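# Secondary and tertiary structure notes
Given next are the chains, with one letter for each unit.
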Amino acid sequence: MDGPVLVRRAAAAVLAAAICGWLSTFAPGAGRAELTAAHGRGPVQKTPKRPPEPPEPPPPDCARAKCVALTFDDGPGESTAELLDILAARKVKATFFLIGENVVKRPDLVRRERDAGHEIADHSYTHADLGRTSKKKAFSELTRTQDAIRQASGYTPVLLRPPYGSTSKRLTELTRELGLAQVLWAVDPVDWEHRDTGYVERRVLKAVKPGDIVLMHDIHPTTVKAVPGIIDRLAGEGYAFVTVPELFGGRLIPGEEYDRRNSGEAQGLP
Ligand SMILES: [Zn+2]
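Bear in mind the structure is a predicted one, so any value in this text is a computation, not a measurement.

### As for the environment of Ala152
- Topologically, Ala152 is positioned in helix H6 (residues 135-153).
- Assessed through the 22 C-beta atoms surrounding it within 10 Å, Ala152 is described here as buried.

Printed below as a string of structure tokens:
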């Protein structure tokens, strides 16, 4: 009987050694840090190697899932970096409608938005009222912004949010020619007027329905501070956060207007 017991003990010892070795590959510095701390020296400087991040799951099918698209206009600005940290900590993807003249001032933030997997889009170069301007001026506003975003990030936007939601037949033709779908919104907490974090949070949470596009501004610190509460509450209600193209399954047509996923389509199924 001793033979098999010894073999089992030997096997257990090998297994334990293997597990220790395996664990140490995940936290090679942890044991040393404890040791040095016990001897009254500072923490070990060398950072341990992290295991690679798992691949991101594919976006949900918004014909069935309870989706919402958070969108942020007028940046990049002073609060954009803080917002990107908030979104990253919660693994939430959003859509940024950028002002061309702000893009050239902060190309680093535009690159960061794109690298984090957010959708970046056109909101004109000078926040112009595109629905009431000449075709020539509208063309310049759009193409200069497209060029600035491309230069900052390597990506050419496929979405336009006309400032003030102001569009026209002429602008629709132009966006069709330039390959831009027009994105409006379903929920507007009027955060540019109400610089009040609690108000913005309550107003979005009260109004939002599955399939909605929510309009906010990342240039207002009060709005950015409302975002964690909005995300945490909606996530608790089973919402999935998607970019605007993801909300429509990637099927957006240049020139068409979008403010929510069609109410005729199945939404929020269990
Ligand atoms: Zn705007």
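### With respect to the nonpolar core
- By size, the foremost hydrophobic cluster in this structure holds 55 residues, and its most contacted members are Val68, Ala69, Leu98 and Val214.
- Excluding residues that lie within four positions of it along the chain, Val214 makes contacts with Val68, Ala69, Leu70, Thr71, Trp185, Val187, Val204 and Val208.

### Side note on the environment of Ile219
- Position of Ile219 among the secondary structure elements: in the loop between strand E6 (213-217) and helix H9 (221-224).
- Separated by 140 residues in sequence, Ile219 and Ser79 have C-alpha atoms that sit 5.8 Å apart.
- Ile219 has contacts with Asp74, Gly75, Gly77 and Ser79, leaving out every residue within four places of it along the chain.

### Comments concerning the pairing of strand E1 (residues 67-75)
- Most of E1 is tucked away, with nine of its nine residues classed as buried.
- Where E1 and strand E7 (residues 240-241) come together, two bridges link them in parallel fashion. Among the inter-strand pairings, Cys67 is bridged to a residue of E7, identified as Ala240.
- Examined bridge by bridge, E1 and E6 share five bridges and lie parallel to one another. Residue pairing across strands places Ala69 opposite Ile213, the latter belonging to E6.
- The pairing of E1 with strand E2 (residues 95-98) spans four bridges and is classified as parallel. By the bridge assignment, Asp73 is partnered in E2 with Phe97.
- A crossover links E1 with its parallel partner E2, the connecting element being helix H3 (residues 80-89), and its sense is right-handed.

Cut-offs used in this document
Residues numbered from 1 in each chain as written. Predicted model: local features only at pLDDT ≥ 70, side-chain atom pairs only at ≥ 80, totals over all residues. Helix = DSSP H or I, 4+ residues; strand = E, 2+ residues; numbered from the N terminus. Buried ≥ 20, exposed ≤ 12 C-beta atoms within 10 Å, placed from the backbone. Core = buried A, V, L, I, M, F, W, Y, C linked by C-beta atoms within 7 Å. Contact = placed C-beta atoms within 7 Å. Pairing = 2+ DSSP bridges. Right-handed = clockwise from strand over helix to strand, strands pointing away.

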